[in-house]
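# Report on the structure
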Amino acid sequence: MPSESAATGAVHRLGELLGAEVVLPDGTKAGQVHDVRLAGGPGLQDYVVDGFVVRARGEGAFLGYDRRAVLGPWLLRALVRAANRDARYVRWRAVRRIDWEAKLVVVERLDPLEDERAPA
Amino acid sequence: MKRIFAVALGILTAIGGFVDIGDLVTNALVGSRFGMSLAWVVVVGVVGICVFSEMSGRVAAVSGRATFDLVRERLGPRVGLANLVASMGVTFLTFIAEIGGVALSLEIATSVNELLWVPVVAALLWIVLWRVRFAVLENVFGLLGLSLVVFAVALWQLSPDWGGLWQQVTSPSPPSGESWTQYSYYAVALFGAALTPYEVFFFSSGGVEERWTAKDVATMRLNVFLGFPLGGALSLTIAAVAAVVFLPAGVQVEALVQVALPVALALGKIGLVIALIGFFAATFGAACETGLSVGYSIAQFYGWRWGKFVPPRQAARFHLVVLLCTVLAVPVLLTTVDPIAVTEYSVVFSALALPLTYLPILVIANDPDYMGKRVNGRLANALGTVYLVVIVVASVAAIPLMILTKGGQ
Amino acid sequence: MTSLRATYDAGLHLLDRQIVDPDDAPVANVDDLELRERADGRLAVSALLTGPGALGPRTGGRLGSWMVAIWRRLRPDADPQPGRIEARLVTHTDSAVHVSARARDLRVDGFEQWARATVIDKIPGAGRAE
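What counts as what
Residues numbered from 1 in each chain as written. Chains lettered and ligands numbered in written order. Predicted model: local features only at pLDDT ≥ 70, side-chain atom pairs only at ≥ 80, totals over all residues. Helix = DSSP H or I, 4+ residues; strand = E, 2+ residues; numbered from the N terminus. Rg over C-alpha atoms; globule rule 2.2 N^0.38 Å. Buried ≥ 20, exposed ≤ 12 C-beta atoms within 10 Å, placed from the backbone. Contact = placed C-beta atoms within 7 Å. Axes fitted to C-alpha atoms, helices over the stretch in contact; angles between N-to-C directions. Parallel < 35°, antiparallel > 145°, perpendicular 65-115°, else oblique. Nonpolar A, V, L, I, M, F, W, Y, C, P; charged D, E, K, R; others polar. Pairing = 2+ DSSP bridges. Arc of directions from axis to C-beta. Expected span 1.5 Å × (residues − 1). Bend = angle between axes of the 7 residues up to and from the residue. Core = buried A, V, L, I, M, F, W, Y, C linked by C-beta atoms within 7 Å. pLDDT = per-residue confidence, 0-100.

## Details of the overall build of chain B
Each helix and strand counted, chain B has 16 helices and 0 strands in total. At 20 Å, chain B has a C-alpha radius of gyration in line with the 22 Å of a compact globule built from 409 residues. When the backbone C-alpha atoms are referred to their principal axes, chain B occupies close to 55 × 50 × 45 Å. Looking at the 409 residues of chain B, the share that counts as buried comes to 61%. Considering only residue pairs separated by 6 or more positions, chain B has 86% of its internal contacts joining residues 24 or more positions apart.

Below you can see the structure in the form of structure tokens.
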């Protein structure tokens, strides 16, 4: 068990990150945190923040189906795809700092976001 | 043999349990004013409730999760909460209407004023919800509700002009004396009466409590596809007898006793007694369902333990909510508000709130994370999408039509 | 055997999910997640948070502030903490989040206990199942 990584630092809530402003070091606005990706293991306590899904407009998933190619009524799929066109991803190592008080995340760069595929 | 008996019981209770105060009142009212020219709305509504009940039943069986559980997961806390408040509000309004309906049925039977019955009914209802087993509840009120078949018998006995009735069915336009605005308003009301939101909460929650699995989907479909349409047919006979008796006389149905009058005319006192038993069963059964549904929605939203299958002390918040609903319904009815008026508002507001319930179900029924291989097929999706459009149209039209017609005058 | 996903998009896969115990009984909802800064600077998931103390701040706006205010008013302690379930208790996730402890041992249900003690237990028959 990787217990030497026992967390003893400051405590925050994931909800504080959702909707946070994302800016580049020069102050250019890049969007808002739409979701937070966690990765790691083996236990849930070993998962860490891997990166942020950033969208230009607002937070709040469209019924949670933004990033999944869920088969379904074509109408809903088309709407979801349209709403999701501007999503991008910030890797953890591209995060310069997080200002929890101001709800602000300063990042070096943003990468394109890959769609998760629904299981066959 | 036992299996066939169980399946038959399920279908019969589905038929008998289909009609509630909204169906009783709205169908009779529509029959008396519009004849059978709005019959198509009942057909459309019944197909709709079949489509969405099957979906929510399948979701419950395959994922083990009930509807409101999943609404919050999909909509998030803020929009989900708005959905919860709206759904609970409409269901609570319907609950009040059902209790009023029970009290009115008892008033007709005993000539004791409805207001005196209200607290008695509420107390009795709460005791039933507290102590009576879920299966007993469903079966007793479902089977007793079959008494409403007396309406079909009465229709036959009245020897109506069948050709004339069929004429009305096939000409979907307002009869003379009614405008298109009023016709549309009652179309929305009838639609809301058939496609009640609470039905889906109740159905899927019951499925989760009874621990349905994928193996139960076939039986569930039988209950839905046989039981609900036949229940819808019963609604149509209520409209038909009203059309036969009241329409030519230009009398508008405004009281519950008038709904039963055609049966009394056709079959005498015995017919009236059977009709009243049917009214009592339909309204009391629906009062149980709506009361439980208010509890289900909030408990599932917040992740509380819920249901009748655990001792009440292990689902204390759920039972507290149900108790509060029953208590709060009484003063509302004691303001002497006409339960028929409450019913009319409840069906229109049901139509208003429908998109909130059905959109998440349609989306979830397509999600392989919950449904695995049993996601919606092409037919379910085609019907679901068509109905979503119909539901949104009805919802958007509800309030403007209510204002334009001043509540259906 | 179901286990944990390789990655989680927290809002999509974890938040607002039902938490269930080994008997599949509902425990609570995931109203927020607690993150702790590790020595290496990474933010690790330390606990699931439940209740108005967690849901209120996440709902945000005036509604969220009201939820928190009412919750604080009803709690006897000066600085109440939201319901907390250690992340290490999570065994696996499917459409719900499964934890290894029983619902009653997790003690995240203040409202339930209050409702039980104040109202439900006073009514005869509260302890009997159907």
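## Looking at the overall build of chain C
Within chain C, the regular secondary structure consists of 5 helices and 8 strands. Overall, the C-alpha framework of chain C stretches about 55 × 40 × 25 Å when taken along its three principal axes. The burial tally for chain C puts 45% of its 130 residues in the buried class.

## As for the packing of helix α2 (residues 21-34) of chain B against helix α14 (residues 339-364) of chain B
All names here are of chain B. Close contact between α2 and α14 brings their axes to 9 Å; oriented N to C, the two are set at 95°. Between α2 and α14, the crossing angle belongs to the class labelled roughly perpendicular. In this structure, α2 uses Ile21, Gly22, Val25 and Thr26 to contact α14, whose residues at the interface are Ile340, Thr343, Glu344, Ser346 and Val347. Broken down by class, the residue content of the contact of α2 with α14 amounts to 4 nonpolar, 4 polar and 1 charged.

## With respect to the interface of chain B and chain C
Often, the extent of an interface is quoted as the loss of accessible area upon association of its parts. The interface is formed by 29 residues belonging to chain B together with 25 residues belonging to chain C. Of all the secondary-structure elements, those providing two or more residues to the side of chain B that touches chain C are α4 (67-110), α5 (114-131), α13 (316-334) and α15 (368-371) of chain B. Sorting elements by how many residues they give to the side of chain B that touches chain C places α4 of chain B first, with 7 residues. Its residues placed into classes, the side of chain B that touches chain C shows 13 nonpolar, 4 polar and 12 charged.

## Let's talk about the interface of chain A and chain C
Counting from both sides, the interface comprises 27 residues of chain A and, opposite them, 26 residues of chain C. At the level of elements, β1 (11-13), β3 (29-40) and β4 (47-55) of chain A are the ones that each hand at least two residues to the side of chain A that touches chain C. Taken together, the residues of the side of chain A that touches chain C sort by class into 14 nonpolar, 8 polar and 5 charged. As defined by bridge partners, β3 of chain A adjoins strand β1 (residues 7-9) of chain C across 3 bridges and the pair is classed as antiparallel. Bridge pairing in β1 of chain C places arginine 37 of chain A opposite aspartate 9 of chain C.

## With respect to helix α5 (residues 110-118) of chain C
All of the buried residues along α5 of chain C are Glu112, Ala115 and Arg116 of chain C. Down the axis of α5 of chain C, the sector holding all buried residues measures 100°, keeping them to one side. Facing away from the buried side of α5 of chain C by over 90 degrees, the exposed positions are Ala117 and Thr118 of chain C. Here the buried face of α5 of chain C lies against α13 of chain B.

## Things to note about the pairing of strand β7 (residues 90-93) of chain C
The side chains of a regular strand alternate, residue by residue, between the two faces of the sheet. Residue and element names in this part refer to chain C. Both β7 and strand β8 (residues 97-99) contribute to a ladder of 3 bridges, which runs antiparallel. By the bridge assignment, threonine 93 is partnered in β8 with valine 97. Between β7 and β8, which follow one another and run antiparallel, lie 3 residues.

## A short note on α4 of chain B
Residues that lie three or four places apart on an α-helix share one face, since the helix turns once every 3.6 residues. All names here are of chain B. Look at α4: only 40 Å from first C-alpha to last across 44 residues, short of the 64 Å you get at 1.5 Å a residue. If you look at α4, its biggest bend is around 130°, right at glycine 76, and the proline proline 77 turns up within four residues after that. For α4, the tally of buried residues reaches 34 of 44 residues, placing the bulk of the element in the interior. Remark: serine 111 follows α4 within two positions and exhibits a positive phi of approximately 60°.

## Remarks on the nonpolar core
Formed by 157 residues in total, the largest nonpolar core has its most connected members in Ile99, Val188, Leu190, Ala239, Val241, Val263 and Val348 of chain B. Not counting residues up to four positions away in its chain, the partners in contact with valine 188 of chain B are Val348, Ala351, Ala394, Ala397, Ala398 and Leu401 of chain B. Formed by 50 residues, the second largest nonpolar core is a distinct cluster that contains Leu15, Ala54, Val90 and Val99 of chain C.

## Topic: the sheet that holds strand β3 (residues 26-29) of chain C
Residue and element names in this part refer to chain C. Pairing within the open sheet is mixed, and its 4 strands lie in the order β3-β2-β8-β7. At either end of the open sheet lies a strand with only one pairing partner, and these are β3 and β7. Between one strand and the next, the sheet's axes are offset by a mean angle of 30°, whatever the strand orientation. As paired strands, strand β2 (residues 18-20) and β8 are joined by 2 bridges and run parallel to one another. Bridging across to β8, valine 20 finds its partner in histidine 98.

## A short note on the environment of proline 22 of chain C
Relative to the elements of secondary structure, proline 22 of chain C occurs in the loop between β2 and β3. C-alpha separation for the pair proline 22 of chain C and arginine 102 of chain C, spaced 80 residues apart in sequence, amounts to 6.7 Å.

## What about the confidence of the model for chain C?
On average, chain C scores 89 in pLDDT, and the residues at 70 or more come to 98%. For this predicted complex, the interface confidence reaches an ipTM of 0.89, while the overall pTM sits at 0.90.

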